[in-house]
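# Observations on the three-dimensional arrangement
This is what each chain is made of:
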Amino acid sequence: PAAPSVRRHRGLAVAVALFLGIAAFALTIFRARFAWLALLITAPLSLAVYVHGTTVTVEKAVLVGAALGLACVPHRLLALRNRRFLWLGGALVVVIASMCASTATAAYANASLREIAKAIEYLAVFAVALIAYACDGSDKTLRNALAWTSLIVALFALVQEFAGAPQGTTIAGHTFPRIAGLLDGPNQLAGFLDIAMSIPLASLCFGRANAIERIALLFGVPALLLTFSRGGIFGFFVTAAFLLLLRERPGQRRTFAWRA
């Protein structure tokens, strides 16, 4: 049996997840905007608890609560008829179907089923976010939420540079800490910051960045570099180069439009 401290940790994590899931449900009934906001804000928060071979996380609880909240107002579900969703959602369904087909010959069926469950979860997140944003979207709110979330995640990660990081890397005979912050590891942190900081970065490139977006980049970029994630750092600079290219070639913005 688990030690008392471990049981208390599990109990607290489950309680937090349930509370936030119920809050997401109640708030989403009131206004659809809270569904995509809740998914965005809780994306970097895991607090995973293992239960019968799977995990209970804050994001999963919020996803279930937000989905139920949206379903309580049936007309919101009409957003699923959006052509973009049908194409992108259909592509995810094809991926899931191919994974199901490969499970029949998988050496480890349980692991394969867990990967299928993850893919279904990604499809559910996409559907809930699309429905909620189609019903009650706000570019300004999205930009601010991304900036604040990036900033908080970056600050928690930067603290590990002094308090102790979960991993390290050796370069030219010197060991450097690899920060992870609230996420599972440095690569996960780099991937999150790559995505979350893309809109503040676009705002800056096109001269529309507000104060919180600038502050988020000020702390987010060093946090990304200190992950020493080669893929994450490379992806960030590719995004920056692409945005600078669009800024220098206004004609291309007809295809890649930026609204603020």
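Preceding block: the structure.
Residues numbered from 1 in each chain as written. Predicted model: local features only at pLDDT ≥ 70, side-chain atom pairs only at ≥ 80, totals over all residues. Heavy atoms only, no water.

This model, assessed by the stated rule, comprises 3 aromatic pairs. When the centroid spacing of 5.8 Å and the interplanar angle of 35° are considered together, the rings of Phe176 and Phe228 count as tilted. Of this pair, Phe176 sits in strand S4 (residues 174–178) while Phe228 sits in the loop between helix H9 (211–225) and helix H10 (230–248), and the two are 52 residues apart along the sequence. Of the residues examined, Phe228 reaches a relative accessible area of 27% and is grouped as partly exposed. (Phe/Tyr/Trp six-rings, centres within 6.5 Å; stacked < 30°, edge-to-face > 60°. Helix = DSSP H or I, 4+ residues; strand = E, 2+ residues; numbered from the N terminus. Buried < 20%, exposed > 50% of the residue type's maximum accessible area, 1.4 Å probe, protein only.)

A few words on a nonpolar patch on the surface. Residues Phe25, Ile29, Val64 and Leu68 make up a contiguous nonpolar surface patch of about 320 Å² in total accessible area. Counting residues per element, the ones that place at least two in the nonpolar patch are helix H1 (4–30) and helix H3 (58–71). Looking at where Phe25 falls in the secondary structure, it is placed in helix H1. Accessibility expressed as a relative area gives 31% for Phe25, which makes it partly exposed. (Patch = residues over 30% accessible without salt bridge, like charges linked within 9 Å, V, L, I, M, F, W, Y side chains within 5 Å. Areas by Shrake-Rupley, 256 points an atom, 1.4 Å probe, with all protein chains shown as cover. Salt bridge = Lys/Arg side-chain N within 4 Å of Asp/Glu carboxyl O.)

Another aspect to go through is the side chain of Arg178. Along the chain, Arg178 falls in strand S4. Although buried, Arg178 forms no salt bridge, and the nearest oppositely charged side chain, Glu161, lies 9.9 Å from it. Among the polar contacts listed, one links the side chain of Arg178 to the backbone oxygen of Thr227, at a separation of 2.7 Å. Among residues more than four places away in sequence, those in contact with Arg178 are Ala165, Pro166, Gln167, Gly168, Thr169, Pro186, Asn187, Leu226, Thr227, Phe228 and Ser229. (Lys, Arg positive; Asp, Glu negative; His and termini not counted. Polar contact = N/O pair within 3.5 Å; in protein donor to acceptor, adjacent residues only side chain to side chain. Contact = heavy atoms within 4.5 Å.)

Another aspect to go through is the environment of Gly207. With respect to the secondary-structure elements, Gly207 resides in the loop between helix H8 (198–205) and H9. In this structure Gly207 comes out as exposed when scored by relative accessible area, which is 61%. Through-space distance from the C-alpha of Gly207 to that of Arg247 is 9.7 Å; in sequence the pair is 40 residues apart.

In a regular helix each residue adds 1.5 Å, so 19 residues correspond to 27 Å; H10 covers 27 Å between its end C-alpha atoms and thus fits that length. Buried residues in H10 make contact with helix H7 (186–196), H8 and H9. (Expected span 1.5 Å × (residues − 1).)

A separate point is H3. One turn of an α-helix holds 3.6 residues; hence residues three or four places apart share an orientation. Helix length check: H3, at 14 residues, gives a terminal C-alpha distance of 20 Å against a target of 20 Å (1.5 Å per residue), a fit within 8%. Residues Val58, Ala61, Val62, Leu63, Gly65, Ala66, Gly69 and Leu70 constitute the buried set of H3.

Quick look at the pairing of S4 now. Both faces of the sheet carry side chains from a regular strand, because those side chains alternate between them. Note: strand S3 (residues 167–171) against S4, 5 bridges, orientation antiparallel. Counterpart to Gln167 in the pairing with S4 is Arg178. Hairpin remark: S3 followed by S4, antiparallel, with 2 residues in the connecting loop; positive phi at Ala172, about 50°. (Pairing = 2+ DSSP bridges.)

What follows is about the environment of Ala240. As for its position among the elements, Ala240 is in helix H10. Looking at Ala240, the relative accessible area reads 15%, which means it is buried.

Now for the nonpolar core. Generally speaking, nonpolar side chains in soluble globular proteins are found buried as a group. Membership of the largest hydrophobic core comes to 50 residues, with the highest contact counts inside it found for Leu70, Val128, Leu189, Leu193, Leu201 and Leu224. Non-local contacts of Leu193, meaning those with residues more than four positions away in its chain, are made with Ser150, Gly220, Ala223 and Leu224. (Core = buried A, V, L, I, M, F, W, Y, C linked by side-chain atoms within 4.5 Å.)

Applying the stated criterion across every chain, the model contains 4 salt bridges. Close ionic contact of Asp136 with Arg31 constitutes a salt bridge, the shortest N to O distance being 2.6 Å. With Asp136 in helix H5 (residues 109–136) and Arg31 in the loop between H1 and helix H2 (33–42), this pair connects stretches of sequence that are 105 residues apart. Residue classification places Asp136 among the buried residues on the basis of a relative accessible area of 13%. Judged by its relative accessible area of 37%, Arg31 falls in the partly exposed class. Arg33 is the partner of Asp136 in a salt bridge, and the nearest nitrogen-oxygen pair spans 3.3 Å. Of this pair, Asp136 sits in helix H5 while Arg33 sits in helix H2, placing them 103 residues apart in sequence. The pair Asp136 / Arg33 is uniform in exposure class, with both members buried. Taken together, the shared-partner salt bridges connect Arg31, Arg33 and Asp136 into one network.

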